[in-house]
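If you want the building blocks of each chain, they are given just below.
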Amino acid sequence: MHDHDDLPATRLTHRGRNPKSEEGTVNPAVVRASTMLFPNADSLRKADGTRRSYGRHATDTTLALEDALCAAEQADACLLTPSGLSAITTTLLALLQPGDHLLMTDSAYDPTRLFCEGLLKRMGISTSYYDPLIGAGIAALIQPNTRVVWVESPGSHTFEVQDVPAIAAAAHAAGALVVADSTWATPLGWDVFALGVDVSVHAATKYIVGHSDVLMGAILCKSPLEKTLRATYRQLGVSIGGDDAYLALRGLRTLAARLTTHRDNSRQVADWLREQPQVASVLYPPLPGAPGHDLYLRDFNPAYACGLFGVVFAEGTTAAQVNKLVDATRLFGIGYSWGGYESLIIPSDPGSHRAVTSERWRGKAMVRLHIGLEDPADLIADLAAGLVAMKA
Ligand SMILES: *Cc1c(COP(=O)(O)O)cnc(C)c1O
């Protein structure tokens, strides 16, 4: 195998398929399967406990997607789940025991926080939230029973870039594992395991699927943690179907090409937005001068920046004015999720549900934008009309 030398875009094109075994077709077949039949009782018994025994554990289609995702992110193992949230919850359930403590970034995706306050708390697992900008200072928050430090960089809605290597060094020194929600980065945006992360989870729903038509999650790790993760995954009965795996693999093929367009379009829209008097700041780490830009350049691959960022409006802007802007746009869909080919806008109010960083965001008028693959000149014209409507 010489693929170790291939660059990410090449790996995305060539891994997770085997035309020689597929009668020459470029793409793998869609396998829809629960039952797998065996020629005799002995081979049935031998398959027991392996992944080739039942459709829930693996099919050729899910294995092809796992292979491509592992190649993209330089992981040894990939576990596919029916949503990004289930990738998060499965990982936490696999790594934590009753009595353990979890350190969660205060900028985490909100449903992650709800899981910590819900099921994990009921199981006797405690969570404390830390300032995403804490860096090496995390050491002071690590307790004797801290087993996992969770990072999400950039953070949901507020886009803080975390000092992941410093956090990982402190966590590892105390015997804790580091898990990253890598959804914003995508498998191409950062070299997650080189930064010290032990488990990388993705809402594949976003850029991997890329077309707003499938929910899926992925858990990626190096070999030592595969057994622990797979044991809980198997007990929970988590699995995905062949049609969804095929669509995710199809999305993944164009990830590099889509990201470069999302990046270029976002750069144009963000550059324009920050010149507008109604805008106080644009929270887009790839943008020079934006918060977190220096750490972003150190830890991320700017060739593959995505199209999701926050906008903070000038002091005195009201929530009602933000709603007017949102309602006035023509090309931006109003809805959750992101990572599809289309632009989206939602009002954003991070100050209302943070534990230790509420003050930083309270009362700020904000939107979250997803910049899609439309012509950025049209998106700018649409936002310009929205800013006018905001004043009316
Ligand atoms: C959307 C999202 C998730 C959850 O993904 P679903 O597939 O919607 O369950 C998790 N983390 C982040 C950062 C997300 O944006």
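Residues numbered from 1 in each chain as written. Predicted model: local features only at pLDDT ≥ 70, side-chain atom pairs only at ≥ 80, totals over all residues. Heavy atoms only, no water.

Draft legend 1. Just the packing of helix α4 (residues 84-95) against helix α5 (residues 110-122), in detail. Where α4 meets α5, the closest approach of the two axes is 10 Å, and the angle between their N-to-C directions is 40°. The orientation of α4 relative to α5 falls into the category oblique. Handedness of the crossing formed by α4 with α5: right-handed. Along the contact surface, α4 presents Leu-85, Ile-88, Thr-89, Leu-92 and Leu-93, while α5 presents Pro-111, Thr-112, Phe-115 and Leu-120. (Axes fitted to C-alpha atoms, helices over the stretch in contact; angles between N-to-C directions. Helix = DSSP H or I, 4+ residues; strand = E, 2+ residues; numbered from the N terminus. Parallel < 35°, antiparallel > 145°, perpendicular 65-115°, else oblique. Left-handed = near helix turned anticlockwise from the far one by under 90°. Contact = heavy atoms within 4.5 Å.)

Draft legend 2. Molecular detail of the domain arrangement of the protein chain. When cut into domains, the protein chain gives domain 1 (8-253) and domain 2 (255-391). Between the C-alpha centres of domain 1 and domain 2 there is a distance of 27 Å. Contact residues are listed per partner, giving 43 residues for domain 1 and 41 residues for domain 2. Sorting the residues of domain 1 by area buried against domain 2 places His-157, Trp-184 and Tyr-207 first, and these three jointly supply 25% of that buried surface. On inspection of domain 1 and its partner domain 2, the count reaches three salt bridges. Between Glu-160 and Arg-354 there is a salt bridge whose closest N-O contact spans 4.0 Å. On inspection of domain 1 and its partner domain 2, the count reaches 20 residue pairs in polar contact (both at pLDDT 80 or more). For the side of domain 1 that touches domain 2, the secondary structure elements donating two or more residues are α1 (8-14), α5, β3 (126-130), α6 (164-173), α7 (186-189) and α9 (242-253). Ranked by residues supplied to the side of domain 1 that touches domain 2, first place goes to α7 with four residues. (Domains from an automatic or database assignment. Buried area = accessible area lost by both parts, 1.4 Å probe. Salt bridge = Lys/Arg side-chain N within 4 Å of Asp/Glu carboxyl O. Polar contact = N/O pair within 3.5 Å; in protein donor to acceptor, adjacent residues only side chain to side chain.)

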